[in-house]
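Spelled out from the first residue to the last, the chains are:
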Amino acid sequence: MYIPRVGRFLPNRIRVYPPEEVRVIADNEVAPQRVGLKSSDVEAIWRAVEVYYKMGLQPAMALCIRRNGHVILNRTIGHARGNSPGSTQEPVLATPKTLFNMFSASKCVTAMLLHKLIEEGRVNLHAPVAKYIPAFSQRGKGKITVYQVLTHSAGIPNTPSGLISIELVNDKSHIIDRICQLPLETPPGKTQAYHALHSGFIVAEIVERITGNDIQSHLTSLLCAPLGFSHLRYGVSPRDLPFVAQESFTGPKPFGPPRKLFRTSVGMEFQDAVSLANHPDFLTGVVPSCNIIATADEVSRYFELLLRMGTLDGVEVFKKRTVTQAVAEYRKGRIDGVIGLPVRFGLGFMLGGKYLSFYGPDTQRAFGHLGFTNILAYADPERDISVAFLNNGKPLVAIEMMLWMRVMWVIASRIPKDYGGKGCPGPNWK
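A few points on the structure. Remember, predicted model here, so these are calculated numbers, not experimental data.

Focus on the sheet that holds strand β8 (residues 292–294)
Consider a sheet: its strands pair through backbone hydrogen bonds, and that pairing is either parallel or antiparallel.
Part 1 of the reasoning: A sheet is described by the order of its strands in space; here 3 strands give the open sequence β5-β8-β6, paired in antiparallel fashion. With partners counted over all chains shown, the strands left at the sheet margins are β5 (100–101) and β6 (233–234), one partner each.
Part 2 of the reasoning: The sheet contact formed by β6 and β8 spans 2 bridges and is antiparallel. Paired with Tyr234 across the strands is Ile292, a residue of β8.

Here it is as structure tokens:
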């Protein structure tokens, strides 16, 4: 049964179905009472997801939350494909096994591969990038440090047109060469401006040059194989393409300053970025800044690893001090020149805050990352939770996106702090 709702009255919306008809609940959810919550708490969080779904911006959403290591919510709503605005295809229901792209939240994975090398003494956080990639020193960039790349203060936020395209998305040599030729835009360390694409490629190139292995293999051997992850990798194998949620441009057509800012920071028009995200070459390639693909369950489990200070299920992947250093605050909540909001940064992570935070109110110790455009993955040590909120709708600016933020507000308000978990203390811990 199809309910027109918002999609009938506003442009570029999906068909909205009754939530109970397109909801799938995984079989690994535990009773909320087991981790100090009520059933009404979990249902309130899920109702917030349903309210956002009814706005018609998200064909599918997946939400997985762990508390004290136990899955209290692992559900999807909507369709993985076939329900883009104007689509005439037969809709395919999303399930907890559907694969979603983390997009820029992938940086949290890529950064930790570098942190492992810092832990081993093979990379110096404060050394110039040019020490590891000599050609990077061109055009005034010789003093940019690894630290500045991880904190988005390197001074090269803008992406030239054509850096990444369908034809060149997997031509790593071309991309690194173009990045090395970029001119310095602002003095290193002076300006905070989110580096949407450069940072991931630079970090990955350092990892590959130090280890002698491609970053996909390094991720597999360091983390995925020891912990038994089925996915959580850059791109997917060709046989898994049918299981990846199809991205859909939704909401108002980009215009004005938001359109210009996106085009400058990513190097292409918004709709072109959505098309690229659906292309098989992108989905099966390696794009360190933005194409880690996994289920919401696995993304939540990755952040559970960080919440547990680098050891999960008895397997140590990172030393405690490595995780603590990665999620500590290094850039206070300044207005970011690209995002346009005050953002606190760790070393590859976006941090929470008292009032203004992607992770809801009073989340000063939360750490994670935002992804294109409503992707969010994070851990909140004070609430002892690891969260993956993934989707395949791509609005740039829409007033209804406030209801997306409301989901995190409900999570923060319904799951109390100081539960007594023994996870990572988070930024500014004492």
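From this point, things continue past the structure.
Describing the pairing of strand β15 (residues 375–380)
Part 1 of the reasoning: Of all 6 residues making up β15, 6 are buried, and the element is well covered by its neighbours.
Part 2 of the reasoning: Taken together, the 5 bridges between strand β14 (residues 367–371) and β15 define a ladder with antiparallel strand orientation. Residue Leu370 lies in a different strand from β15, and its bridge partner there is Leu376.
Part 3 of the reasoning: Connecting the antiparallel pair β14 and β15 is a turn made up of 3 residues.
Part 4 of the reasoning: Connecting the antiparallel pair β15 and strand β16 (residues 385–391) is a turn made up of 4 residues, with Asp384 showing a positive phi of about 55°.

So, empty space enclosed by the protein
Part 1 of the reasoning: If you walk through the whole model with that rule in mind, you get 1 cavity of 30 Å³ or more.
Part 2 of the reasoning: The volume enclosed by the largest cavity comes to roughly 80 Å³.
Part 3 of the reasoning: If you go around the largest cavity, the residues you meet are Lys107, Thr110, Ala111, Val149, Leu150, His152, Ser199, Gly200, Val203, Gly348 and His369.
Part 4 of the reasoning: Broken down by secondary-structure element, the contributors of at least two residues to the lining of the largest cavity are α3 (107–119), α4 (146–150) and α6 (198–211).

The rules behind each value
- Residues numbered from 1 in each chain as written.
- Predicted model: local features only at pLDDT ≥ 70, side-chain atom pairs only at ≥ 80, totals over all residues.
- Heavy atoms only, no water.
- Pairing = 2+ DSSP bridges.
- Helix = DSSP H or I, 4+ residues; strand = E, 2+ residues; numbered from the N terminus.
- Buried < 20%, exposed > 50% of the residue type's maximum accessible area, 1.4 Å probe, protein only.
- 1 Å grid on protein atoms, 1.4 Å probe; cavity = no way out; pocket = protein on both sides within 12 Å on 5 of 7 lines; lining within 4 Å.
- Points joined across faces, edges and corners; volume = space filled by probe spheres on them.

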